[in-house]
Amino acid sequence: MLPTRRWAALAGVACFLAVYAVVLDEPTPLFAACGLAAWLVVAQVDAVGTMCSVDRDLSASVSVEPTSVYVDDRAAVTLTASLSEAVDAPVEVELVAPPSVNAPERARRTVAFDPGETAGSVTCSIEFPVAGRIAFDEVEVDIEDRAGFFTETLTLGADARCLVESPAPDGIHVGRGGELVGASFGDHSSDQTGPGLVPHETRQYLPGDTLSQIDWKTTARMDHPYIREFESESDYLLSLVVDCGSNMNRGPTGRTMLSYAREVALGLIDAADSHGDPVSAQFVGDAGTTWEFGPSSSSNAYQTIRRRLLSIEPTRRSRRPVGTSRPVAPEDARKRSRLLDGDDSAFASTLRPYLSDGESYVSRVSDRPIFDAVKSACSRSDRQDHLVLITDDSARVETYEAVVVASKRSSQTSVFLTPTTFFDDAAGGAGDTAGVVAFEEFRKRLERLPNVTAYEVAPKSAMNLAADRATTAE
Amino acid sequence: METPVNQSERTIRTVLDANELTPMDVVGVLCVTLVAGLTSGLWGVAAGVLVLAVAAATTGPLAFVVAQLTAVSLFGDASLVALGGAQLAAFPLLASAACAWPPNRSRLARLAAGYVLALGVAWALWTSFRWAWQAALVAVVLAAAVAYGLHRYERVALGLVSAPDAGAER
């Protein structure tokens, strides 16, 4: 119980009167001082009663909606307080915000009871800049007595929690047709012998083999000179093409398609780093390549690409869609169109518009960023290379044509696709069945190209949900 | 059309509106004037007018304090009956400051009981000790002790006293 300035002023007057009584040697000021003291004591008795009744009758609860958010998101926190019996003193119930949140000023998170009121609530918007399990487990009750001589602060318990997660992908599925793939990039066999450390085979000595190649133990065992051959070491150039266009910005904060694509790219860079393979990287925005690097196998190269990957953001301009997939080749179109010349039947007039477009279908995608980036990545390599394209399935024609080029010019091509259907708000993050089927068809179509492996990259939870749905449908 | 009121008039009116005299103030002023008038004649009536002016112009217990100060001047050599009468006459002024109008009866009764008890204690102290400073000191200590006791009671009743504090108290 803390006395207020009003109490201090009155107590000061009482003390002054007591001293005045001593100075005058008269009892009257002492009586006045005792009268004022009586008032203060009676007011204190009243205040104790009020505070005890508030402590007994007040209940408060806190709720958070939603209970799980990402860093820098906001949640609505509601404080509800009620008194089972009205008191004739002002009472304020304040939501105590943990230090790690950005809460509004005190007045906007306080329920104020005027004398006679019994219930109230307040809702405020709170920002969570730090990840973790944030607890709203305390409310503070400020009570002032009716006369304004004393104040008291009580603490009531509350039980509201909010899980604040960092904006990073959680549980990544990388697989083919729903089947998880453990590693897509690791040791690569060259199928060639030469100097190296990995034993390949032993064979009989042939004229021309050097003495140092003889395996003496095998020779002793077989009674003939034997040679041990080793697998020669080779390095693959990893050419990374990452799509960071506006189409990759789908999904909730921190779990966008680009976040998943970034994790895959980081994994590939780590694998290349551990094998000492040279790398080159190209980041492709909506208007074209936004950053490119390499090829290089220096330790700085891996670090530079990692840093850049962690800082990329999707570009903002929307990409122009490419028309229909698998158009008729222009040469075929022209040939068939010639056959229809002079034919006035309904069949010919219906078919003619479909064959009138003689533009090369390659020229339709040749100026597209992904196609352009893949083409330049392929032309840069003068040795065995592994082209990795990380994108989504929104621009299927462009992606398909780019992969066609890569399959012809690269030793090996891997395509990591994030299914758009899993990141659409309309599908609620679980993907609609038609979207999943269309994606899988597209992935399989890519895999039919030579030297091409296509993977899906998606949230594990969404994939599990889609798999459950498919099982139920069966 | 509304006549404009100048700033000084508005201020006085605001003050008077905010410090409206309650019936208890009126009773207090009348009682003080009556007792002082009976004891000191015109000077007593003048003291009553002064208390009325203070009661009208201020809030809080200032009218009670002024009434006590005028009593010091007027009742210097007065008898016990006159002194007691003056204190009881001033009570409505204190009650007006302590309780809103209309007053809560139980609160008013508690205040009256406390006031009478305090007067009794003050009189007992004044007559028991030889020197005025002794009586004043004991009165102040007594009031402080009661206030502190109530404070500790409140802390314990609300569960705000932790175990180490409780040990220290023993």
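Residues numbered from 1 in each chain as written. Chains lettered and ligands numbered in written order. Predicted model: local features only at pLDDT ≥ 70, side-chain atom pairs only at ≥ 80, totals over all residues. Heavy atoms only, no water.

Looking at an unreviewed UniProt entry, one finds chain A named DUF58 domain-containing protein and attributed to Haloferax gibbonsii.

## Focus: the overall build of chain A
Put simply, the rule is: Labels follow the DSSP assignment, with helices taken as runs of H or I lasting at least four residues and strands as runs of E lasting at least two, numbered in each case from the N terminus. Residues count as neighbours in contact if any of their non-hydrogen atoms are within 4.5 Å of one another. Per-residue accessibility takes into account occlusion by the displayed protein chains alone, with areas from the Shrake-Rupley method and a 1.4 Å probe.
Within chain A, the regular secondary structure consists of 12 helices and 19 strands. Taking the contacts inside chain A whose residues are at least 6 apart along the sequence as the reference set, 73% of them involve residues at least 24 apart. Counting only carbon and sulfur atoms, one obtains 50% of the accessible surface of chain A, whose full area is about 23,200 Å².

## Quick word on the environment of Val64(A)
Within the fold, Val64(A) resides in strand β2 (residues 58-65). Taking C-alpha positions, Val64(A) is 9.5 Å from Thr123(A), a pair spaced 59 residues apart along the chain.

## Observations regarding the packing of helix α2 (residues 23-40) of chain B against helix α5 (residues 80-98) of chain B
Residues and elements named next belong to chain B. Applicable threshold: Only C-alpha atoms enter the line fits that serve as axes; for helices the fit covers just the stretch in contact. Angles between N-to-C directions range over 0 to 180 degrees. Each angle gets one of four labels, with under 35 degrees taken as roughly parallel, over 145 as roughly antiparallel, 65 to 115 as roughly perpendicular, and the rest as oblique. By definition, turning the near helix anticlockwise from the far helix through less than a right angle yields a left-handed crossing, and turning it clockwise yields a right-handed one. Any residue that is not Ala, Val, Leu, Ile, Met, Phe, Trp, Tyr, Cys, Pro, Asp, Glu, Lys or Arg is counted as polar, Gly included; the first ten are nonpolar and the last four charged.
For the pair α2 and α5, interaxial distance at closest approach is 7 Å and the crossing angle is 160°. Put simply, α2 runs roughly antiparallel to α5. Note that α2 runs across α5; the crossing there is left-handed. Here α2 contributes Met 24, Asp 25, Val 27, Gly 28, Val 29, Cys 31, Val 32 and Val 35 to the contact with α5, which in turn contributes Ala 82, Gly 85, Ala 86, Ala 89, Ala 90, Pro 92, Leu 93, Ala 95 and Ser 96. Here the residues of the contact of α2 with α5 sort into 13 nonpolar, three polar and one charged.

## Side note on empty space enclosed by the protein
Residues and elements named next belong to chain B. What counts is decided by this rule: In this analysis the probe radius is 1.4 Å and the grid spacing 1 Å, with only protein atoms considered; a cavity is a set of points the probe fits into but cannot get out of, a pocket is an open set with protein on both sides within 12 Å along at least five of seven lines, and lining residues have an atom within 4 Å of a point. Grid points are joined across faces, edges and corners, and a volume is the space filled by probe spheres set on the points.
A complete count under the given rule lists one cavity of 30 Å³ or more for this structure. Taken as a whole, the largest cavity holds about 90 Å³ of empty space. Along the walls of the largest cavity sit 14 residues, with Val 32, Ala 67, Ala 71, Phe 75 and Ala 86 positioned nearest its centre. Broken down by element, the lining of the largest cavity gets its largest block of residues, five residues, from helix α4 (residues 62-74). Along the lines of polarity and charge, the residues of the lining of the largest cavity split into 11 nonpolar, three polar and no charged.

## Remarks on the sheet that holds strand β7 (residues 119-127) of chain A
Residues and elements named next belong to chain A. Our working definition: In this analysis, strands are considered paired if DSSP registers two or more bridges between them.
Reading across from one edge, β2-β4-β7 is the order of the three strands in this open sheet, with antiparallel pairing throughout. Each end of this open sheet is capped by a strand with a single partner; those strands are β2 and β7. Here the average twist between neighbouring strands, direction ignored, is 15°. Strand direction decides the pairing type here: strand β4 (residues 74-83) and β7, joined by nine bridges, are antiparallel. The partner of Val 77 across the bridge, within β7, is Cys 124.

## As for the sheet that holds strand β17 (residues 385-392) of chain A
Residues and elements named next belong to chain A. Spatially, β11-β10-β19-β18-β17-β14-β15-β16 is the arrangement adopted by the eight strands of the open sheet, whose pairing is mixed. Whereas interior strands pair on both sides, the edge strands pair on one side only; in this sheet they are β11 (179-180) and β16 (289-296). In this sheet, strand β15 (residues 279-284) lies alongside strand β14 (residues 237-243) in parallel orientation, the contact comprising six bridges. Considered in β15, the bridge of Leu 238 is made with Val 279. Strand contacts of helix α4 (residues 257-275): β10 (172-176), β14, β15, β17, β18 (412-418) and β19 (452-459), with the helix running at about 170° to β14, the strand carrying the most contacts.

## Quick word on the pattern of salt bridges
Residue and element names in this part refer to chain A. To keep it simple, the criterion reads: Salt bridges, as used here, are contacts in which a Lys or Arg side-chain nitrogen is within 4 Å of a carboxyl oxygen on Asp or Glu. Think of it in three bands: with a 1.4 Å probe and only protein chains considered, a residue is buried below 20% of the maximum accessible area for its type, exposed above 50%, and partly exposed in between.
For the structure on display, the rule yields 23 salt bridges over all chains. Note that Arg 255 is salt-bridged to Glu 165, the shortest N-O span being 3.4 Å. Remark: Glu 165 occurs in strand β9 (residues 150-165) and Arg 255 occurs in the loop between β14 and α4; sequence separation between them is 90 residues. Note on Arg 255: relative accessible area 14%, which makes it buried. For Arg 443, the salt bridge is made with Glu 456, and the minimal N-O distance between the two is 3.5 Å. Separated by 13 residues along the polypeptide, Arg 443 in helix α11 (residues 433-447) and Glu 456 in strand β19 bring together distant segments of the chain. For the pair formed by Arg 443 and Glu 456, the shared burial category is buried. Salt bridges sharing partners connect three or more residues here, namely Glu 92, Glu 94, Arg 106, Arg 109 and Asp 142.

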